[in-house]
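Notes for the structure review
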Amino acid sequence: AAANNPKRPFTAAEVESFANTQWRTTAGNTAALAVKDFKVENFDTNTVKITALFHDVATNTRQRHAFFVTLVDPNGATTGANVKFEKVVE
């Protein structure tokens, strides 16, 4: 049903929440603290670029990472394989 809802822009808070959830699904970071210094910018029609200080549980440090978050489902569904969370290596 959600895929049939009209599309609306995501808020920065929603993207930040998504980033926290995705980070906590990576190995060893299930207990990670929330990101800090979070920034999100529009990249193209289906992609945003996020940067933040992500908590690395193993070293108990915060590391700056950048990710692209891309919506790949043409109907706007935002779960599972419909969203790509790609690390940016600079």
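On a predicted model such as this, the values are computed, not experimentally measured, just so you know.

Some points on the nonpolar core
- Of all hydrophobic cores here, the largest spans 14 residues; its most connected members are F38, I50 and F54.
- Those elements that provide at least two residues to this core are α1 (12-24), β2 (47-56) and β3 (61-71).
- The biggest single contributor to this core is β2, with four residues.
- Not counting chain neighbours up to four residues away, the residues in contact with F38 comprise A12, V15, E16, A19, I50, T51 and A52.

Some thoughts on the pattern of salt bridges
- Tallying each qualifying case throughout the model produces two salt bridges.
- For the salt bridge of D37 with R64, the shortest nitrogen-to-oxygen distance reads 2.7 Å. With a gap of 27 residues between them, D37 in strand β1 (residues 36-44) and R64 in strand β3 connect regions that are remote in the sequence.
- Judged by relative accessible area, D37 falls into the partly exposed class, the value being 37%.
- Each of D37, K39 and R64 takes part in a single network of salt bridges with overlapping partners.

So, how was this worked out
Each chain has its residues counted from 1, following the order in which its sequence is written. Given that the model is predicted, a residue must reach a pLDDT of at least 70 before its local features are reported, and side-chain atom pairs must reach 80 or more before they are shown or counted; all residues, however, enter totals for whole chains, interfaces and linings. Values shown for side chains rest on all heavy atoms present in the structure; no hydrogens or waters enter the calculation. Among the buried residues, those of types Ala, Val, Leu, Ile, Met, Phe, Trp, Tyr and Cys that are joined through side-chain atoms within 4.5 Å form a nonpolar core. Think of it in three bands: residues with accessible area under 20% of the maximum for their type are buried, residues over 50% are exposed, and the middle band is partly exposed, with areas taken using a 1.4 Å probe on protein chains only. Runs of E in the DSSP output that reach at least two residues are strands. Runs of H or I that reach at least four are helices, and both are numbered from the N terminus. Only heavy atoms matter for contacts: two residues are in contact if any of them lie within 4.5 Å across the pair. Counted as salt bridges are all cases of a side-chain nitrogen of Lys or Arg within 4 Å of a carboxyl oxygen of Asp or Glu.

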